[in-house]
Amino acid sequence: MEQSLETIFETVVARNPGEAEFHQAVREVFESLAPVLKKNRSYLDDKILERICEPERQIIFRVPWTNDKGEVQVNRGFRVEFNSALGPYKGGLRFHPSVYLGIIKFLGFEQIFKNSLTGMPIGGGKGGSDFDPRGKSDAEVMRFCQSFMTELYRHLGEYTDVPAGDIGVGGREIGYMFGQYKRITNRYESGVLTGKGLDWGGSLVRTEATGYGTVAFASEMLATRGESFDGKRVTVSGAGNVAIYAMEKIHQLGGTVVACSDSSGYVVDEQGIDVDLLKQVKEVERGRIGDYVARRSGAELGKSGSIWDIPVDVALPCATQNELNGEQAATLIKNGVKAVAEGANMPTTPEGVHAFQGAGVLFAPGKAANAGGVATSALEMQQNAGRDSWSFEYTEERLTGIMRNIHEMCASTADEYGAPGDYVMGANITGFVKVANAMQAFGLV
Ligand code: NDP
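Residues numbered from 1 in each chain as written. Predicted model: local features only at pLDDT ≥ 70, side-chain atom pairs only at ≥ 80, totals over all residues. Heavy atoms only, no water.

Enquirer: Whenever I open this one, the nonpolar core confuses me. Can you help?
Expert: Considering soluble globular proteins, one finds that nonpolar side chains tend to be buried as a cluster. In terms of nonpolar packing, the biggest core is built from 59 residues, with F217, V236, M247, L278, Y292, L316 and I406 touching the most fellow members. Broken down by element, the residue count for this core peaks at 8 residues, all from helix α8 (residues 206–223). In this view, V236 contacts A243, A246, M247, I250, V257, A259, C260, S261, I307, L316 and C318; residues no more than four positions away in its chain are not counted. Within the second largest apolar cluster, 42 residues are counted, among which are L44, I104, F109 and F432. (Core = buried A, V, L, I, M, F, W, Y, C linked by side-chain atoms within 4.5 Å. Buried < 20%, exposed > 50% of the residue type's maximum accessible area, 1.4 Å probe, protein only. Helix = DSSP H or I, 4+ residues; strand = E, 2+ residues; numbered from the N terminus. Contact = heavy atoms within 4.5 Å.)

Enquirer: How should the layout of surface pockets be read in this particular structure?
Expert: A probe as big as a water molecule, rolled over the atoms, marks out the empty space that is left. In this model, the second largest pocket occupies a volume close to 320 Å³. What lines the second largest pocket is a set of 21 residues, among which E28, E31, V353, H354 and V424 lie closest to the centre. When residues of the lining of the second largest pocket are traced back to their parent elements, those giving at least two are α2 (20–39), α13 (350–358), α14 (366–369) and α17 (423–441). A per-class count over the lining of the second largest pocket returns 7 nonpolar, 7 polar and 7 charged. (1 Å grid on protein atoms, 1.4 Å probe; cavity = no way out; pocket = protein on both sides within 12 Å on 5 of 7 lines; lining within 4 Å. Points joined across faces, edges and corners; volume = space filled by probe spheres on them. Nonpolar A, V, L, I, M, F, W, Y, C, P; charged D, E, K, R; others polar.)

Enquirer: Just checking my understanding: could you explain the pattern of salt bridges for this structure?
Expert: Should their charged atoms come close, side chains of opposite charge can pair. Applying the stated criterion across every chain, the model contains 29 salt bridges. Its salt-bridge partner being K367, residue E110 comes within 3.4 Å of it at the nearest N-O pair. In this pair, E110 sits in helix α5 (residues 101–118) while K367 sits in helix α14, placing the two residues 257 residues apart along the sequence. On the basis of relative accessibility, which here comes to 3%, the residue E110 falls in the buried class. Beyond isolated ion pairs, a larger network of salt bridges with shared partners links E6, R27 and E31. (Salt bridge = Lys/Arg side-chain N within 4 Å of Asp/Glu carboxyl O.)

Enquirer: What is the right way to read the packing of aromatic side chains from this model?
Expert: For any pair of aromatic rings, the description consists of the separation of the ring centres together with the inter-plane angle of the planes. Under the defined criterion, the tally for this structure stands at 19 aromatic pairs. Ring geometry for F9 against F30: centres 6.5 Å apart, planes inclined by 70°, an arrangement best described as edge-to-face. Here F9, found in helix α1 (residues 3–15), pairs with F30, found in helix α2; they are 21 residues apart in sequence, far enough to count as distant. Between the aromatic rings of F109 and F113, the centroid separation amounts to 5.1 Å while the plane-to-plane angle is 75°, which identifies the pairing as edge-to-face. Highlighted residues: F109 and F113, both in helix α5, separated by 4 residues, approximately one helical turn. Neither F109 nor F113 differs from the other in exposure class; each is buried. (Phe/Tyr/Trp six-rings, centres within 6.5 Å; stacked < 30°, edge-to-face > 60°.)

Enquirer: Hey, could you run me through the site of the ligand in this one?
Expert: Residues in contact with the ligand amount to 24 residues; listed here are only the nearest, D166, T210, S263, R288 and N345. Within the backbone of G168, one N or O atom sits 3.0 Å away from an oxygen atom of the ligand. Take N241: an N or O atom from its main chain is 2.9 Å from an oxygen atom of the ligand. Isolated, the ligand exposes 900 Å² of accessible area, and the fraction of that covered by the protein chains is 82%. Among the elements of the structure, α8, α9 (241–252) and β7 (256–262) are those that each provide at least two residues to the shell around the ligand. Broken down by class, the residue content of the shell around the ligand amounts to 6 nonpolar, 12 polar and 6 charged. (Near = heavy atom within 4 Å. Polar contact = N/O pair within 3.5 Å; in protein donor to acceptor, adjacent residues only side chain to side chain. Areas by Shrake-Rupley, 256 points an atom, 1.4 Å probe, with all protein chains shown as cover.)

Enquirer: Can you walk me through the environment of G238 in this structure?
Expert: Relative to the elements of secondary structure, G238 occurs in the loop between β6 (233–237) and α9. Taking the C-alpha atoms as reference points, G238 and G343, 105 residues apart in sequence, are found 9.7 Å from one another. The contact partners of G238, leaving out residues within four places of it in the chain, are A243, M247, C260, S261, C318 and A319.

Enquirer: Just to check I follow, could you spell out the sheet that holds strand β9 (residues 300–301) for this structure?
Expert: Hydrogen bonding along the main chain pairs the strands of a sheet, whether they run parallel or antiparallel. Strands sit in the order β9-β8-β7-β6-β10-β11-β12 across an open sheet of 7 strands; the sheet is mixed. The sheet is open, and its two borders are formed by β9 and β12 (362–364), each paired with just one other strand. In the sheet, strand β10 (residues 314–317) pairs with strand β11 (residues 339–341) via 2 bridges, with the strands oriented parallel. Looking at β11, one finds that A315 is bridged to V340. (Pairing = 2+ DSSP bridges.)

What follows is the structure, encoded as C-alpha cells:
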C-alpha cells in the first residue's frame, strides 16, 4: 500500500480496536486506491478516506425479550448508518451469534461501494443482532423482532434508512419487523423495509436476486473468455437465500452444482443438487444439510477436508466471511477452477484473493458480484414509491441489465487504471469515486 494510505489505515485500526473484519474490508479497498489518489490528490486534501471510514452514525441498543419458557433474554442490536452521500442508508440486518460491531462495520463499509456500483440512489448501512434464530420457535422470533424494531423504528424512514435481510433474516423476520413498525408509527410505509412478502409490498425477484445476480456477473466474466455455465461443474457454498437461487440459475443455464453446505458440513451430489428438495429442507422445514442427504439417493456428506477440495470449473462462495482461505484457493486452482464469484460478503481471505488473481482465475469480489440483491431492493423501493408492482420477467430483465452494467464498469475501470481483468480494483475504484465526488460536492459535512 502507498505510504499515505498506510498511514490512514493505521489510524483506522487504532481508532477501531478489535474489529478485525472491519480492518480487513478497509485494507482491501485501500489497496486499490493508490492510482486514484495519484490522479486526484484533492481526495487526500479533503480527508475523504478518513471521513469515509468513520460511520455517520452508529446505534447500539438493548433488545430484551422472553423465550417460550417465560425467561428473560437480552441481546444486543446494531445499526451502523455509514454513508448517505448517494441516498438513504441501505443495507441488510444480520441475526447471527457471531455478530458484533466489527462485523456490522465491515458489512456497512462494503455496502457503501456496492450500492454506488448499482447506479441506484442509495447510501450504505448495515445492522443486526447477536440473536440466533436457529432452533427458536416462530413465537420467539416474533417477540425478538418486535423488541428489536421497538428501538430501531425511530431511526428508519424511506428517506433516511431502509434495512433489508441478510444472514438469519428472511421473509418471516421482515414480516414481524414491518408489522411492529406499522403498529408503532401508525403508518403503512412500504418503502421503509425491503424483502417484504409479495402480498404486502414486496417485489418479485427480490428473493432470487442475489443468487441470480451473482450468476449473471459470473456469466459475464466467463463470456470474456468465450465460455459459459453450460456443461460446467460448480460448487456453491452455503444453503441459504443466496446459495439456493445461485444454484437454481446455474441449473437453468446448463451447469451442474455438485456440492453445497451449511454450518454443519457439506454435501456432494454428483447428479446435481436437487434444488426443489433443498428448498423444502432449508426454506420450509428449516432443517440441516444432513436431512437433504437422508432423502436423496447418491448424495453424500463430505467426510473430510472442505467443500473446496472438490474439483470444479466454477466456485461460488455464498455462505459467510472468510470461508475460503489461501490453501483452499490453491487446491481449487490445482484442480483447474476457471472462475470464482463471491455471492457472500468477503468470503475469500486476502491470501485466497491473491492466489486466484496470481493464477489468472477470473475473480469477482462480493461488492460487485452480489450487488443484485440490494439493486433489486432499490427496485422494490421504486415500485413502492410508484404504488406499482412489476412482472417477474420485467424485474429480472432489470436485474440482469444492472449486473451487466456493473461488470462493464468494473472491467473498463480496471482497463483504464492499467490492470485489465482485475475486478477487485475495478469495483473498488468505480464504487469509491462516485461516493467521494458526492462527498466533495456537499462540502465538509
Ligand atoms: P442465509 O441465512 O439465508 O444463509 C446463510 C448460509 O450460510 C446458511 O447455509 C448458513 O448455514 C451458512 N453459514 C452462515 N454462517 C456460517 C458460518 N459461520 N459457517 C458456515 N456456514 C455459515 O443468508 P444469505 O444467503 O442471505 O447470506 C449469505 C451471504 O450472502 C452473507 O455473506 C450475506 O452477507 C451475503 N449477502 C446476502 C444478500 C441477500 O440478499 N440475502 C445480499 C448480498 C450479500 P447455517 O444455516 O447452518 O447457519
